[in-house]
Amino acid sequence: MVDRHPTRLNILQIRPAGPGETAEMLQSTLRTIQSGPILHPFLFAIHPILFLWSSNIGELSHYTSAADLLLPMVISLIVTLFLLALLWIILRDWKKVALLVSFSLVLFFSYGYIKEFISDSGIFGDAKNRYMVSIWATTSVLGGLLLLRYGSKLRGLTNPLNFVAFVLVVLTFPNFVSHKPISDFPLPEDTTNFAFDSIQQQQVEAQPDIYYITTEGYNSARNLKKFLDYDNSEFVNYLERNGFYVASDSNSNHNWTTASLAASLNMEIYDHITVDDFDGLHPRDGFYRLLFDNKVMRLLRARGYRIVYLRERFSPKGKLSSRDLYYGCEKVGRVALHSEEFAGALLHFTALQPVLSEFAFLESTKLGLRRCDFSQLAKSKHLDGPKMVFIHLRGPGKEFLSGTNSLITYRGQLTFTNQGLRQVVDSLLFDRDYSPVIIIQGDHGEGAFFGDPQSHATRDDVIPGRMGILNAYHLPRGGNSLLYPSISPVNSFRVIFNYYFGTDYALLDDRSIYSDLLVDNIMEYYEVTDVVRRATDD
């Protein structure tokens, strides 16, 4: 008789496996795991490169491109393949060799992250290279010896490591897919339709060259004295003796660099920009877009000015107009790696960082770049005009030259920055027949250093410490008469255009907006004008 339900009968005939069969199944599974392809060294070789770009894509994409990942990835893969081949010749055991290479790659690429974590946590103070190198060397030797001794017993880790490395690589992809270049988005209407016809075309006098010199984290003299016991009166007095007006009660309009520069160069305060305002563009990217294509530079180009950029990071990379010029230090002099190139940023986090730093390729080069910034500023005087020279100086705020956030280092960088600015001002004003407009302006304060034992700041000082700035103007032929102690960056070019070009821009309220980036790319804005004004009045 034909069975009409063979499947049911087969199922009913299944019986539990015995102890011996279970052991055999486990051994079979283990053999399958052990026989997996050796992929994890190659995945660990490319993951740190993809991770650095993916986790900082909003920042790195403004002055580098995804194509810059290709060369580091190729080099990393070639080195990995070379190490695998070399160690196989010695050990003749692929699984053990793969474990050794992956262990070495993890150590190599994690050096900078661990060093940064220790420094930021403050548990052991600043993580010095001389101590970190000793720890890393010891870990490498002990780990290598353990893998040589017991590596043959860890062959079953091949597929689990393949899986872990694969997942780590895949987790870097969402940012690649979701990120849209700034150039893919149009400017919002309020940044493209400003009135060129508001400019009176008559020439008051020869159009002056304009130097817009912004500085990273340069706090006001009042805050420097209050929080850091730093007396900046010598530099302030120097500026005033040379015809500058120093706005003693000035505060930034925004609490972070890109927003602050975008506000001053578009002559607007931003307290509402969201993802929707840029059709899905990340709010921080939106501020970069406003910075790259701003009202001030458009207006000046319409009057025949050329824009001279001295920082690649804050210039429209690859999109300079025919008359504009990049005159910065990244491509001046000998070739050197620095942290504003992707390769330099990547090497900063590897175990090569101490060697490159010692031989003036990374940390030491940063000092050279800062000196070069001042030199190029002075030299730009001789470029054809009329021109606007724009630079954002690498100090006195972070990134600190010594890699520490101690107040002593910040004071030292203030002194260094002041010396460089004096040399620039002396050069620009040396010729009495040359009277440029000069603005020296902090993007925001470095902060009140609340919580640092050497700071006098209380919790209430955190916001005023972030917003107070140095704000100094040299407006020749009487322009200083239009300035006032609390003028903020948003009104800088409104005053300049009104006085020198005959425009009629109304001055805006000198407001301060503190913003935080929350989850889901939501930017939260807080009006802190009254807070910083009360601190100024104290």
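What counts and how
Residues numbered from 1 in each chain as written. Predicted model: local features only at pLDDT ≥ 70, side-chain atom pairs only at ≥ 80, totals over all residues. Heavy atoms only, no water. Helix = DSSP H or I, 4+ residues; strand = E, 2+ residues; numbered from the N terminus. Buried < 20%, exposed > 50% of the residue type's maximum accessible area, 1.4 Å probe, protein only. Salt bridge = Lys/Arg side-chain N within 4 Å of Asp/Glu carboxyl O. Polar contact = N/O pair within 3.5 Å; in protein donor to acceptor, adjacent residues only side chain to side chain. Contact = heavy atoms within 4.5 Å. Core = buried A, V, L, I, M, F, W, Y, C linked by side-chain atoms within 4.5 Å. pLDDT = per-residue confidence, 0-100.

## A closer look at the overall build of the protein
Part 1 of the argument: When its secondary structure is counted, the protein shows 22 helices and nine strands.
Part 2 of the argument: Among the 538 residues that make up the protein, the fraction classed as buried is 49%.

## Some details on the pattern of salt bridges
Part 1 of the argument: In this structure the tally under the stated criterion is eleven salt bridges.
Part 2 of the argument: Between Glu268 and Arg494 there is a salt bridge, with the nearest N and O atoms lying 3.6 Å from each other. Here Arg494 lies in helix α21 (residues 492-501) and Glu268 lies in the loop between α13 (257-266) and α14 (283-292), a separation of 226 residues in the sequence.
Part 3 of the argument: Judged by relative accessible area, which is 7%, Arg494 ranks as buried.

## Details of unusual backbone geometry
Part 1 of the argument: With an omega of -5°, the peptide bond running from Gly385 to Pro386 counts as cis.
Part 2 of the argument: With respect to the helices and strands, Pro386 occurs in the loop between α18 (363-379) and β5 (387-396).
Part 3 of the argument: Cis geometry is found at the peptide bond from Gly395 to Pro396, where omega equals 10°.
Part 4 of the argument: Relative to the assigned elements, Pro396 resides in strand β5.
Part 5 of the argument: Positive phi, close to 55°, is recorded for Arg92, a residue that is not glycine.

## Focus on the side chain of His392
Part 1 of the argument: Within the secondary structure, His392 sits in strand β5.
Part 2 of the argument: A distance of 2.8 Å separates polar atoms of two side chains, one belonging to His392 and the other to Thr214.
Part 3 of the argument: A polar contact is formed between the side chain of His392 and the side chain of Glu216, at a distance of 2.7 Å.
Part 4 of the argument: Those residues in contact with His392 that sit more than four places away from it in its chain are Thr214, Thr215, Glu216, Thr257, Leu261, Arg311, Phe314 and Asp443.

## Topic: the nonpolar core
Part 1 of the argument: Formed by 46 residues in total, the largest nonpolar core has its most connected members in Leu265, Phe287, Met388, Phe390, Phe493, Ile496 and Phe497.
Part 2 of the argument: Looking at this core element by element, the count peaks at six residues for α21.
Part 3 of the argument: Each residue touching Phe493, except ones within four places of it in the same chain, is listed here: Ile210, Tyr212, Ser264, Leu265, Met267, Val296, Met388 and Ile439.
Part 4 of the argument: Formed by 33 residues, the second largest nonpolar core is a distinct cluster that contains Tyr211, Leu224, Leu393 and Ile438.

## A few points about the confidence of the model for the protein
Part 1 of the argument: Across the protein, pLDDT averages 78, with 71% of residues at or above 70.
Part 2 of the argument: For the stretch residues 332-339, pLDDT sits under 50, and the model shows 22 contacts to residues farther than four places along the chain or on other chains.
Part 3 of the argument: Within the model, the stretch residues 402-407 combines pLDDT values under 50 with 14 contacts to residues more than four positions away or in other chains.

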